[in-house]
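Understanding the architecture of this molecule
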Amino acid sequence: MKVTVVGAGAVGASCAEYIAIKDFASEVVLLDIKEGFAEGKAMDLMQTASLNGFDTKITGVTNDYSKTAGSDICVITSGIPRKPGMTREELIGINAGIVKSVSSSLIEQSPNTIIIVVSNPMDTMTYLVHKTTNLPKNRIIGMGGALDSARFKYRLAEALEAPISDVDGMVIGGHSDKGMVPLTAHATRNSVKVSEFLSADRLDQVKEDTKVGGATLTKLLGTSAWYAPGAAVSGLVQAIACDQKKMFPCSTLLEGEYGLNDLCIGVPVILGRNGIEEIVTIKLSDAEEAHLKESAEGVQKTNGLLEL
Ligand SMILES: NC(=O)c1ccc[n+]([C@@H]2O[C@H](COP(=O)([O-])OP(=O)(O)OC[C@H]3O[C@@H](n4cnc5c(N)ncnc54)[C@H](O)[C@@H]3O)[C@@H](O)[C@H]2O)c1
Ligand SMILES: O=C(O)C[C@H](O)C(=O)O
(Lines give C-alpha, C1' and ligand atoms only; values in the text may rest on other atoms or scores of the structure.)
(Ligands and ions follow the chains in the order given, each with its own letter.)
Protein backbone atom coordinates (compact mmCIF):
# COMPACT_ATOMS: atom_id res chain seq x y z
CA MET A 1 0.00 0.00 0.00
CA LYS A 2 1.57 3.24 -1.20
CA VAL A 3 0.25 6.57 0.07
CA THR A 4 1.31 10.00 -1.17
CA VAL A 5 0.77 13.11 0.93
CA VAL A 6 1.17 16.40 -0.93
CA GLY A 7 2.10 19.27 1.35
CA ALA A 8 4.65 18.45 4.05
CA GLY A 9 3.44 21.29 6.25
CA ALA A 10 1.65 21.00 9.58
CA VAL A 11 -1.25 18.77 8.46
CA GLY A 12 0.66 16.75 5.84
CA ALA A 13 3.44 15.83 8.25
CA SER A 14 1.01 15.03 11.08
CA CYS A 15 -1.00 12.84 8.72
CA ALA A 16 2.16 11.01 7.55
CA GLU A 17 3.18 10.49 11.17
CA TYR A 18 -0.17 8.96 12.21
CA ILE A 19 -0.23 6.73 9.12
CA ALA A 20 3.28 5.49 9.93
CA ILE A 21 2.54 4.93 13.62
CA LYS A 22 -0.50 2.83 12.71
CA ASP A 23 1.87 0.75 10.54
CA PHE A 24 -0.55 -0.44 7.83
CA ALA A 25 1.11 1.19 4.78
CA SER A 26 4.35 -0.02 3.21
CA GLU A 27 5.30 3.41 1.90
CA VAL A 28 4.41 7.06 2.42
CA VAL A 29 5.75 9.66 -0.02
CA LEU A 30 5.70 13.24 1.24
CA LEU A 31 5.87 15.86 -1.51
CA ASP A 32 6.27 19.61 -1.10
CA ILE A 33 7.15 22.48 -3.39
CA LYS A 34 9.56 24.00 -0.84
CA GLU A 35 13.10 22.79 -1.65
CA GLY A 36 14.31 20.13 0.82
CA PHE A 37 11.33 20.55 3.18
CA ALA A 38 9.63 17.21 2.56
CA GLU A 39 13.00 15.44 2.56
CA GLY A 40 13.71 16.94 6.00
CA LYS A 41 10.28 16.05 7.42
CA ALA A 42 10.57 12.50 6.06
CA MET A 43 14.04 12.02 7.56
CA ASP A 44 12.92 13.37 10.94
CA LEU A 45 9.87 11.07 10.90
CA MET A 46 11.97 8.05 9.86
CA GLN A 47 14.20 8.69 12.87
CA THR A 48 11.13 8.05 15.06
CA ALA A 49 10.60 4.59 13.50
CA SER A 50 12.71 2.63 15.99
CA LEU A 51 11.24 4.67 18.85
CA ASN A 52 7.62 4.29 17.77
CA GLY A 53 7.99 0.76 16.35
CA PHE A 54 6.84 1.13 12.75
CA ASP A 55 8.16 -0.24 9.46
CA THR A 56 6.43 2.17 7.06
CA LYS A 57 9.04 3.73 4.78
CA ILE A 58 8.62 7.51 4.53
CA THR A 59 10.39 9.36 1.73
CA GLY A 60 10.36 13.06 0.97
CA VAL A 61 10.58 14.71 -2.45
CA THR A 62 10.64 18.27 -3.78
CA ASN A 63 7.94 18.51 -6.43
CA ASP A 64 9.06 15.26 -8.15
CA TYR A 65 5.79 13.54 -9.05
CA SER A 66 7.56 10.57 -10.66
CA LYS A 67 8.27 9.37 -7.09
CA THR A 68 4.53 9.27 -6.37
CA ALA A 69 3.82 6.84 -9.25
CA GLY A 70 1.53 3.93 -8.43
CA SER A 71 0.08 5.46 -5.26
CA ASP A 72 -3.07 3.73 -4.04
CA ILE A 73 -4.18 6.79 -2.07
CA CYS A 74 -3.13 10.45 -2.47
CA VAL A 75 -3.85 13.09 0.15
CA ILE A 76 -3.84 16.77 -0.84
CA THR A 77 -2.92 19.11 2.01
CA SER A 78 -0.99 21.65 -0.10
CA GLY A 79 -2.11 25.24 0.14
CA ILE A 80 -2.28 28.05 2.64
CA PRO A 81 -3.99 27.79 6.04
CA ARG A 82 -6.10 30.60 7.47
CA LYS A 83 -4.92 33.15 10.02
CA PRO A 84 -6.97 34.32 13.02
CA GLY A 85 -10.05 36.27 11.92
CA MET A 86 -10.20 34.70 8.45
CA THR A 87 -12.77 32.24 7.12
CA ARG A 88 -11.78 29.10 5.21
CA GLU A 89 -13.60 30.47 2.16
CA GLU A 90 -11.09 33.34 1.91
CA LEU A 91 -8.39 30.79 0.96
CA ILE A 92 -10.04 29.90 -2.34
CA GLY A 93 -8.06 32.39 -4.47
CA ILE A 94 -4.69 30.73 -3.80
CA ASN A 95 -5.70 27.17 -2.96
CA ALA A 96 -7.90 26.48 -6.03
CA GLY A 97 -4.92 26.87 -8.40
CA ILE A 98 -2.74 24.67 -6.18
CA VAL A 99 -5.34 21.90 -5.78
CA LYS A 100 -6.11 21.87 -9.51
CA SER A 101 -2.49 21.48 -10.60
CA VAL A 102 -1.56 19.05 -7.81
CA SER A 103 -4.51 16.72 -8.51
CA SER A 104 -3.71 16.66 -12.21
CA SER A 105 0.00 15.84 -11.57
CA LEU A 106 -0.97 13.09 -9.13
CA ILE A 107 -3.40 11.42 -11.52
CA GLU A 108 -0.83 11.48 -14.34
CA GLN A 109 1.40 9.25 -12.21
CA SER A 110 -1.31 7.23 -10.43
CA PRO A 111 -4.38 6.93 -12.68
CA ASN A 112 -6.06 4.43 -10.34
CA THR A 113 -5.56 6.40 -7.16
CA ILE A 114 -8.13 7.50 -4.59
CA ILE A 115 -7.80 11.20 -3.71
CA ILE A 116 -8.49 12.65 -0.28
CA VAL A 117 -8.85 16.44 -0.36
CA VAL A 118 -7.93 18.36 2.80
CA SER A 119 -7.00 21.86 1.55
CA ASN A 120 -9.58 24.54 2.33
CA PRO A 121 -12.24 25.54 1.53
CA MET A 122 -12.42 21.75 1.49
CA ASP A 123 -15.95 21.09 0.07
CA THR A 124 -15.26 23.46 -2.82
CA MET A 125 -11.78 22.03 -3.40
CA THR A 126 -13.34 18.53 -3.54
CA TYR A 127 -15.88 19.78 -6.08
CA LEU A 128 -13.03 21.34 -8.07
CA VAL A 129 -11.26 17.97 -8.26
CA HIS A 130 -14.52 16.45 -9.57
CA LYS A 131 -14.89 19.13 -12.18
CA THR A 132 -11.30 19.08 -13.40
CA THR A 133 -10.44 15.36 -13.38
CA ASN A 134 -12.09 12.28 -14.85
CA LEU A 135 -11.97 10.27 -11.64
CA PRO A 136 -15.16 8.45 -10.72
CA LYS A 137 -16.97 9.93 -7.71
CA ASN A 138 -16.12 7.06 -5.35
CA ARG A 139 -12.44 7.97 -5.73
CA ILE A 140 -12.71 11.62 -4.64
CA ILE A 141 -13.20 12.15 -0.91
CA GLY A 142 -13.20 15.39 1.08
CA MET A 143 -12.02 15.23 4.70
CA GLY A 144 -13.84 17.49 7.13
CA GLY A 145 -16.66 15.63 8.85
CA ALA A 146 -14.36 13.09 10.51
CA LEU A 147 -12.50 15.97 12.16
CA ASP A 148 -15.65 17.92 13.03
CA SER A 149 -17.19 14.78 14.55
CA ALA A 150 -14.07 14.23 16.70
CA ARG A 151 -14.41 17.81 17.94
CA PHE A 152 -18.14 17.25 18.57
CA LYS A 153 -17.34 14.19 20.71
CA TYR A 154 -14.71 16.18 22.60
CA ARG A 155 -17.27 18.90 23.39
CA LEU A 156 -19.98 16.38 24.27
CA ALA A 157 -17.65 14.54 26.67
CA GLU A 158 -16.71 17.87 28.25
CA ALA A 159 -20.38 18.77 28.80
CA LEU A 160 -21.27 15.29 30.06
CA GLU A 161 -18.14 15.09 32.23
CA ALA A 162 -17.72 11.66 30.65
CA PRO A 163 -14.81 9.90 28.98
CA ILE A 164 -14.74 10.50 25.20
CA SER A 165 -14.91 6.73 24.61
CA ASP A 166 -18.43 6.78 26.14
CA VAL A 167 -19.65 9.26 23.52
CA ASP A 168 -20.77 8.88 19.93
CA GLY A 169 -21.89 11.60 17.52
CA MET A 170 -21.55 12.85 14.00
CA VAL A 171 -21.30 16.18 12.18
CA ILE A 172 -22.53 16.46 8.60
CA GLY A 173 -22.83 19.44 6.22
CA GLY A 174 -20.22 21.86 4.94
CA HIS A 175 -16.83 22.13 6.64
CA SER A 176 -17.27 25.80 7.53
CA ASP A 177 -17.94 27.83 10.67
CA LYS A 178 -21.62 28.28 9.79
CA GLY A 179 -22.22 25.20 7.64
CA MET A 180 -21.51 22.35 10.05
CA VAL A 181 -24.55 20.38 11.19
CA PRO A 182 -23.76 18.59 14.47
CA LEU A 183 -26.44 15.89 14.85
CA THR A 184 -27.24 16.48 18.52
CA ALA A 185 -30.50 14.52 18.37
CA HIS A 186 -28.57 11.40 17.25
CA ALA A 187 -25.65 11.76 19.69
CA THR A 188 -25.42 9.18 22.46
CA ARG A 189 -23.61 8.25 25.65
CA ASN A 190 -23.47 4.44 25.76
CA SER A 191 -26.57 4.21 23.52
CA VAL A 192 -28.56 6.71 25.62
CA LYS A 193 -29.44 9.96 23.84
CA VAL A 194 -27.34 12.82 25.23
CA SER A 195 -30.51 14.91 25.54
CA GLU A 196 -31.35 12.70 28.55
CA PHE A 197 -28.34 14.17 30.35
CA LEU A 198 -27.94 17.68 28.92
CA SER A 199 -30.33 20.62 28.75
CA ALA A 200 -31.29 22.08 25.36
CA ASP A 201 -29.21 25.17 26.19
CA ARG A 202 -26.12 23.12 27.03
CA LEU A 203 -26.56 21.10 23.84
CA ASP A 204 -26.80 24.33 21.84
CA GLN A 205 -23.54 25.45 23.43
CA VAL A 206 -21.89 22.13 22.43
CA LYS A 207 -23.16 22.65 18.91
CA GLU A 208 -21.80 26.20 18.66
CA ASP A 209 -18.41 25.24 20.19
CA THR A 210 -18.15 22.42 17.65
CA LYS A 211 -18.92 24.64 14.68
CA VAL A 212 -16.21 27.15 15.58
CA GLY A 213 -13.75 24.38 16.56
CA GLY A 214 -11.29 25.27 13.78
CA ALA A 215 -11.59 29.03 14.34
CA THR A 216 -11.03 28.63 18.10
CA LEU A 217 -7.78 26.74 17.50
CA THR A 218 -6.68 29.17 14.78
CA LYS A 219 -7.06 32.03 17.26
CA LEU A 220 -5.03 30.17 19.89
CA LEU A 221 -2.31 28.90 17.54
CA GLY A 222 -2.02 31.79 15.06
CA THR A 223 -2.52 29.24 12.25
CA SER A 224 -4.95 26.36 11.86
CA ALA A 225 -4.81 23.04 13.70
CA TRP A 226 -2.90 19.92 12.62
CA TYR A 227 -2.95 17.07 15.17
CA ALA A 228 -6.66 16.24 14.95
CA PRO A 229 -6.77 16.97 11.18
CA GLY A 230 -3.78 14.64 10.65
CA ALA A 231 -5.35 11.93 12.80
CA ALA A 232 -8.69 12.28 10.99
CA VAL A 233 -7.04 11.91 7.57
CA SER A 234 -5.09 8.87 8.77
CA GLY A 235 -8.38 7.30 9.88
CA LEU A 236 -9.84 7.67 6.38
CA VAL A 237 -6.63 6.35 4.76
CA GLN A 238 -6.64 3.33 7.08
CA ALA A 239 -10.32 2.58 6.42
CA ILE A 240 -9.59 2.50 2.67
CA ALA A 241 -6.24 0.70 2.86
CA CYS A 242 -7.56 -1.99 5.22
CA ASP A 243 -10.98 -2.24 3.51
CA GLN A 244 -12.66 -1.57 6.86
CA LYS A 245 -16.13 -0.56 5.56
CA LYS A 246 -16.23 2.07 8.32
CA MET A 247 -18.72 4.92 8.31
CA PHE A 248 -17.41 8.49 8.35
CA PRO A 249 -19.04 11.75 7.32
CA CYS A 250 -17.07 12.79 4.20
CA SER A 251 -17.55 15.36 1.50
CA THR A 252 -18.80 13.59 -1.61
CA LEU A 253 -20.56 14.50 -4.83
CA LEU A 254 -24.32 14.33 -4.24
CA GLU A 255 -26.68 13.47 -7.07
CA GLY A 256 -30.07 13.67 -5.43
CA GLU A 257 -29.18 12.21 -2.01
CA TYR A 258 -30.59 14.37 0.81
CA GLY A 259 -32.42 16.33 -1.91
CA LEU A 260 -29.10 17.90 -3.00
CA ASN A 261 -27.41 17.96 -6.39
CA ASP A 262 -24.17 18.99 -8.05
CA LEU A 263 -22.10 19.82 -4.97
CA CYS A 264 -19.74 18.10 -2.56
CA ILE A 265 -20.79 18.24 1.08
CA GLY A 266 -20.37 16.11 4.19
CA VAL A 267 -22.73 13.15 4.59
CA PRO A 268 -22.17 9.68 6.08
CA VAL A 269 -20.41 7.29 3.72
CA ILE A 270 -18.94 3.80 3.95
CA LEU A 271 -15.20 3.71 3.23
CA GLY A 272 -13.48 0.60 1.90
CA ARG A 273 -10.94 -0.47 -0.67
CA ASN A 274 -12.93 1.23 -3.46
CA GLY A 275 -13.06 4.56 -1.64
CA ILE A 276 -16.65 5.69 -1.07
CA GLU A 277 -18.54 2.43 -1.36
CA GLU A 278 -21.92 3.78 -0.28
CA ILE A 279 -23.57 7.07 0.60
CA VAL A 280 -25.68 6.44 3.67
CA THR A 281 -28.99 8.25 3.85
CA ILE A 282 -30.19 8.78 7.42
CA LYS A 283 -33.42 10.29 8.65
CA LEU A 284 -32.88 13.88 9.73
CA SER A 285 -35.16 15.99 11.89
CA ASP A 286 -36.88 18.94 10.17
CA ALA A 287 -34.43 21.34 11.82
CA GLU A 288 -31.39 19.28 10.74
CA GLU A 289 -32.71 19.03 7.19
CA ALA A 290 -33.23 22.80 7.03
CA HIS A 291 -29.74 23.40 8.41
CA LEU A 292 -28.22 21.02 5.83
CA LYS A 293 -30.05 22.82 3.04
CA GLU A 294 -28.76 26.18 4.28
CA SER A 295 -25.26 24.71 4.56
CA ALA A 296 -25.48 23.46 0.95
CA GLU A 297 -26.46 26.96 -0.20
CA GLY A 298 -23.30 28.30 1.44
CA VAL A 299 -21.10 25.66 -0.26
CA GLN A 300 -22.75 26.36 -3.62
CA LYS A 301 -22.08 30.08 -3.20
CA THR A 302 -18.37 29.34 -2.67
CA ASN A 303 -18.37 26.90 -5.62
CA GLY A 304 -19.67 29.78 -7.72
CA LEU A 305 -16.34 31.57 -7.17
CA LEU A 306 -14.43 28.80 -8.97
CA GLU A 307 -13.21 29.59 -12.47
CA LEU A 308 -14.19 26.32 -14.15
N1 LIG B 1 -10.20 19.78 5.73
C2 LIG B 1 -9.78 19.97 6.97
O3 LIG B 1 -10.40 19.48 7.92
C4 LIG B 1 -8.52 20.74 7.23
C5 LIG B 1 -7.90 20.68 8.49
C6 LIG B 1 -6.73 21.40 8.70
C7 LIG B 1 -6.17 22.16 7.66
N8 LIG B 1 -6.79 22.18 6.47
C9 LIG B 1 -6.22 22.91 5.34
O10 LIG B 1 -5.07 22.20 4.90
C11 LIG B 1 -4.19 23.09 4.24
C12 LIG B 1 -2.77 22.93 4.81
O13 LIG B 1 -2.71 23.37 6.13
P14 LIG B 1 -1.32 23.35 6.93
O15 LIG B 1 -1.60 23.82 8.29
O16 LIG B 1 -0.66 22.02 6.75
O17 LIG B 1 -0.49 24.46 6.13
P18 LIG B 1 1.09 24.59 6.01
O19 LIG B 1 1.38 25.95 5.51
O20 LIG B 1 1.74 24.14 7.27
O21 LIG B 1 1.48 23.51 4.89
C22 LIG B 1 1.09 23.62 3.55
C23 LIG B 1 2.23 23.12 2.70
O24 LIG B 1 1.81 23.09 1.34
C25 LIG B 1 2.97 23.36 0.55
N26 LIG B 1 2.58 23.74 -0.80
C27 LIG B 1 2.07 24.90 -1.23
N28 LIG B 1 1.85 24.85 -2.56
C29 LIG B 1 2.23 23.62 -2.97
C30 LIG B 1 2.24 22.97 -4.23
N31 LIG B 1 1.82 23.57 -5.33
N32 LIG B 1 2.70 21.70 -4.27
C33 LIG B 1 3.15 21.08 -3.16
N34 LIG B 1 3.15 21.65 -1.94
C35 LIG B 1 2.71 22.91 -1.85
C36 LIG B 1 3.68 24.45 1.32
O37 LIG B 1 5.04 24.57 0.92
C38 LIG B 1 3.49 23.98 2.76
O39 LIG B 1 4.60 23.23 3.21
C40 LIG B 1 -4.79 24.49 4.44
O41 LIG B 1 -5.50 24.86 3.30
C42 LIG B 1 -5.73 24.29 5.61
O43 LIG B 1 -6.77 25.23 5.63
C44 LIG B 1 -7.95 21.49 6.23
O1 LIG C 1 -9.91 25.81 10.73
C2 LIG C 1 -9.24 25.71 9.70
O3 LIG C 1 -9.10 26.65 8.91
C4 LIG C 1 -8.53 24.44 9.40
C5 LIG C 1 -9.40 23.24 9.40
O6 LIG C 1 -10.44 23.33 8.47
C7 LIG C 1 -9.91 22.89 10.76
O8 LIG C 1 -11.13 22.75 10.93
O9 LIG C 1 -9.08 22.72 11.67
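Residues numbered from 1 in each chain as written. Chains lettered and ligands numbered in written order. Predicted model: local features only at pLDDT ≥ 70, side-chain atom pairs only at ≥ 80, totals over all residues. Heavy atoms only, no water.

The protein has the name Malate dehydrogenase in an unreviewed UniProt entry, where Psychroserpens algicola is given as its organism. Per UniProt, the protein carries the Catalytic activity (unreviewed entry) text "(S)-malate + NAD(+) = oxaloacetate + NADH + H(+)". (UniProt positions renumbered as here; feature names shortened; annotations may be inferred.)

With that settled, consider the site of ligand 2. Close to ligand 2 lie Arg82, Arg88, Asn120, Leu147, Arg151, His175, Gly214, Thr218 and Ser224, which account for all nearby residues. Between ligand 2 and the protein, one listed contact pairs an oxygen atom with a side-chain N or O atom of Arg88 at 2.8 Å. With the chains in place, 94% of the 260 Å² that ligand 2 exposes on its own is no longer accessible. Sorting the residues of the shell around ligand 2 by element identifies α6 (145-160) and α8 (213-221) as the ones contributing at least two each. For the shell around ligand 2, the domains that each give at least three residues are domain 1 (2-144) and domain 2 (145-303). (Near = heavy atom within 4 Å. Polar contact = N/O pair within 3.5 Å; in protein donor to acceptor, adjacent residues only side chain to side chain. Areas by Shrake-Rupley, 256 points an atom, 1.4 Å probe, with all protein chains shown as cover. Helix = DSSP H or I, 4+ residues; strand = E, 2+ residues; numbered from the N terminus. Domains from an automatic or database assignment.)

Time to look at the UniProt feature "active site" (unreviewed entry) in the protein. Cross-referencing UniProt, the feature "active site" (unreviewed entry) maps to His175 in the present numbering. The residue His175 is located in the loop between β8 (171-173) and β9 (180-182) in this model. In this structure His175 touches Arg88, Asn120, Met122, Asp123, Gly144, Leu147, Asp148 and Met180, once residues within four positions along its chain are discounted. One polar contact links His175 to Arg88, side chain to side chain, over a distance of 3.3 Å. (Contact = heavy atoms within 4.5 Å.)

Feature annotation in UniProt places "binding site: substrate" (unreviewed entry) on Arg82, Arg88, Asn120 and Arg151, given in this structure's numbering. As for its position among the elements, Arg82 is in the loop between β4 (73-76) and α4 (92-109). Beyond its immediate sequence surroundings of up to four residues, Arg82 is in contact with Thr87, Arg88, Leu91, Asp177, Gly214, Ala215, Thr218, Thr223 and Ser224. In this structure the side chain of Arg82 is engaged in a polar contact, spanning 3.1 Å, whose partner is the backbone oxygen of Met86.

Burial along strand β5 (residues 114-117) is two-sided: the face carrying Ile114 and Ile116 and the face carrying Ile115 and Val117 are both buried. As defined by bridge partners, β4 adjoins β5 across four bridges and the pair is classed as parallel. Following the sheet pairing, Cys74 is matched in β5 by Ile115. Across three bridges, the pairing between β5 and strand β6 (residues 140-142) is parallel. Residue Ile116 lies in a different strand from β6, and its bridge partner there is Ile141. You can see the chain leave β5, run along helix α5 (residues 122-132) and come back into β6, and the turn it takes is right-handed. (Buried < 20%, exposed > 50% of the residue type's maximum accessible area, 1.4 Å probe, protein only. Pairing = 2+ DSSP bridges. Right-handed = clockwise from strand over helix to strand, strands pointing away.)

In this section: the pattern of salt bridges. Under the defined criterion, the tally for this structure stands at 13 salt bridges. A salt bridge links Lys211 to Glu208; the shortest N-O distance between them is 3.8 Å. Remark: Glu208 and Lys211 occur in helix α7 (residues 200-211); sequence separation between them is three residues, near one turn of the helix. With a shortest N-O distance of 3.8 Å, Glu297 and Lys293 are connected by a salt bridge. Of this pair, Glu297 and Lys293 are both found in helix α10 (residues 286-303), four residues apart, which corresponds to roughly one turn of the helix. The exposure class of Glu297 is partly exposed, given its relative accessible area of 45%. (Salt bridge = Lys/Arg side-chain N within 4 Å of Asp/Glu carboxyl O.)

Close contacts around ligand 1 come from 27 residues, with Val11, Asp32, Ile80, Asn120 and Met143 the closest. With respect to ligand 1, the backbone of Met143 contributes an N or O atom lying 2.8 Å from a nitrogen atom. Taking His175, its side chain carries an N or O atom lying 3.2 Å from an oxygen atom of ligand 1. About the coverage of ligand 1: the protein hides 88% of its 860 Å² of free accessible area. Listing elements by their share of the shell around ligand 1, those giving two or more residues are α1 (10-22) and α4. Looking at side-chain class alone, the shell around ligand 1 contains 16 nonpolar, nine polar and two charged residues. A domain split of the shell around ligand 1 shows at least three residues from each of domain 1 (2-144) and domain 2 (145-303). (Nonpolar A, V, L, I, M, F, W, Y, C, P; charged D, E, K, R; others polar.)

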